[in-house]
Amino acid sequence: SQQGEEDPQALSIQEGENATMNCSYKTSINNLQWYRQNSGRGLVHLILIRSNEREKHSGRLRVTLDTSKKSSSLLITASRAADTASYFCATTWNAGNMLTFGGGTRLMVKP
Amino acid sequence: DSGVTQTPKHLITATGQRVTLRCSPRSGDLSVYWYQQSLDQGLQFLIQYYNGEERAKGNILERFSAQQFPDLHSELNLSSLELGDSALYFCASSVDGTAYEQYFGPGTRLTVT
């Protein structure tokens, strides 16, 4: 079974609005990463947050991590049509080597 | 473009057959990971190789095997194929054996009929 669950499964917003996606996981982690996947294509790494960090920024992306609640959120500010994609959280835990992915959030940004 | 290449892009084959998927990692990356993405199972880690040796194993069926060659390219072999093996198979690479920031290839879409 997957380590992470994402919420919502699908999100539709207008260009310029902010998009927030949430991820919950089950076990202790080393770090949590977010990836983007355009329809049927490979995944692109967006941002990594370590287990001892609470918040991280990269351009229009803001990621938070709450290890007490075993959850993370990804905020995309001022969204663009080009942000339309599926977004996955992925964790690494004890084994350290493999990524365990959540189910993903399908984001649609309407122009 | 991540720098990871996968061939073929698409593969259609019949049940019971065997196929080989190929992956070339980014230049300088020593570690290769294989993932399967299907509608019912989502994205699942299959297996990792580091500098030619198996490093970690995930939900990989016994009918599946992989290897990494001295030039660091990797092959995933799928045998006795079943309808349920239809999926996107991704290869990813990273500089070393940790999972920090993996670079994904475009994937091979396998359809078993």
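One structure accompanies this document, and this report is about it. Throughout this document, residue positions are counted from 1 along each chain, in the order its sequence is written. Numbering of ligands from 1 and lettering of chains from A proceed in the order in which they are written. Residues qualify for local features only when their pLDDT is at least 70, as the model is predicted, and side-chain atom pairs are given and counted only at 80 or more; totals for whole chains, interfaces and linings, by contrast, use all residues. Side-chain metrics rest on all non-hydrogen atoms present in the structure, leaving aside hydrogens and water.

1. Comments concerning the nonpolar core
The term nonpolar core refers to a set of buried residues drawn from Ala, Val, Leu, Ile, Met, Phe, Trp, Tyr and Cys, joined through side-chain atoms within 4.5 Å. Throughout, exposure labels follow a simple rule: accessible area from a 1.4 Å probe, protein chains only, divided by the maximum for the residue type, with under 20% read as buried, over 50% as exposed, and the rest as partly exposed. If you look at the biggest cluster of nonpolar residues, it comprises 21 residues, and the most contacted ones within it are M21, L32, W34, L74, I76, Y87 and L107 of chain A. Every element with two or more residues in this core is listed here: β3 (19–25), β4 (31–37), β5 (43–50), β7 (61–66), β8 (71–76), β9 (85–92) and β11 (105–110) of chain A. One finds A66, L76, L81 and A87 of chain B within the second-largest nonpolar core, a separate group that totals 20 residues. A run of H or I in DSSP becomes a helix once it reaches four residues, and a run of E becomes a strand once it reaches two; helices and strands are each numbered from the N terminus.

2. Quick notes on the sheet that holds strand β3 (residues 19–24) of chain B
Strand pairing in a sheet relies on backbone hydrogen bonds, with the paired strands running either antiparallel or parallel. Residue and element names in this part refer to chain B. The strand order across the open sheet built from four strands is β1-β3-β8-β7, with neighbouring strands paired in antiparallel fashion. Only two strands of the sheet have a single partner each, and these edge strands are β1 (5–7) and β7 (64–68). Put simply, the sheet's adjacent strands are angled 15 degrees from each other on average, direction ignored. Criterion used throughout: strands pair if DSSP finds at least two bridges between them. In the sheet, β7 pairs with strand β8 (residues 74–78) via five bridges, with the strands oriented antiparallel. Within β8, the residue paired with Q67 across the bridge is E75. Whenever a helix is involved, its axis is fitted only over the stretch in contact; in every case the axis is a line through C-alpha atoms, and angles between N-to-C directions fall within 0 to 180 degrees.

3. Digging into the interface of chain B and chain A
Here, two residues are considered to be in contact whenever any of their heavy atoms come within 4.5 Å of each other. Each partner contributes to the interface: chain B provides 23 residues, whereas chain A provides 19 residues. Between chain B and chain A, the buried area comes to about 1,600 Å², and carbon and sulfur atoms account for 56% of it. Take a side-chain nitrogen of Lys or Arg and a carboxyl oxygen of Asp or Glu: if they are within 4 Å of each other, that pair is a salt bridge. Summed over the shared surface of chain B and chain A, the number is zero salt bridges. Within 3.5 Å is the distance limit for a polar contact, defined as a pair of N or O atoms, with the added protein rule that one can donate a hydrogen and the other accept it, and that residues adjacent in sequence qualify only through two side-chain atoms. Applying the counting criterion to the chain B and chain A interface returns four residue pairs in polar contact (both at pLDDT 80 or more). Of all elements in the fold, only β4 (31–38), β5 (42–50), β6 (53–57) and β9 (87–94) of chain B reach the threshold of two or more residues within the side of chain B that touches chain A. The biggest single contributor to the side of chain B that touches chain A is β5 of chain B, with four residues. Residues are grouped as follows: nonpolar covers Ala, Val, Leu, Ile, Met, Phe, Trp, Tyr, Cys and Pro; charged covers Asp, Glu, Lys and Arg; every other residue, Gly included, is treated as polar. Broken down by class, the residue content of the side of chain B that touches chain A amounts to 11 nonpolar, eight polar and four charged. Note on terms: buried area is the combined drop in 1.4 Å-probe accessible area of two parts once they are placed together, counting the loss on both.

4. Quick word on the pairing of β5 of chain B
All names here are of chain B. When you tally the buried positions in β5, you get eight out of nine residues, the bulk of the element. Alignment of β4 against β5, held across eight bridges, turns out to be antiparallel. Considered in β5, the bridge of V32 is made with Y49. Counting the residues between successive antiparallel strands, the hairpin from β4 to β5 contains three residues. Pairing of β5 with β6 involves four bridges; the strand directions are antiparallel.

5. Brief notes about the environment of R63 of chain B
Residue and element names in this part refer to chain B. You can see R63 is positioned in the loop between β6 and β7. It is 8.1 Å that separates the C-alpha atoms of R63 and L81, two residues lying 18 residues apart in sequence. The contacts of R63, once residues within four sequence positions are left out, are N77, L78, S79, S80, L81, E82 and D85.

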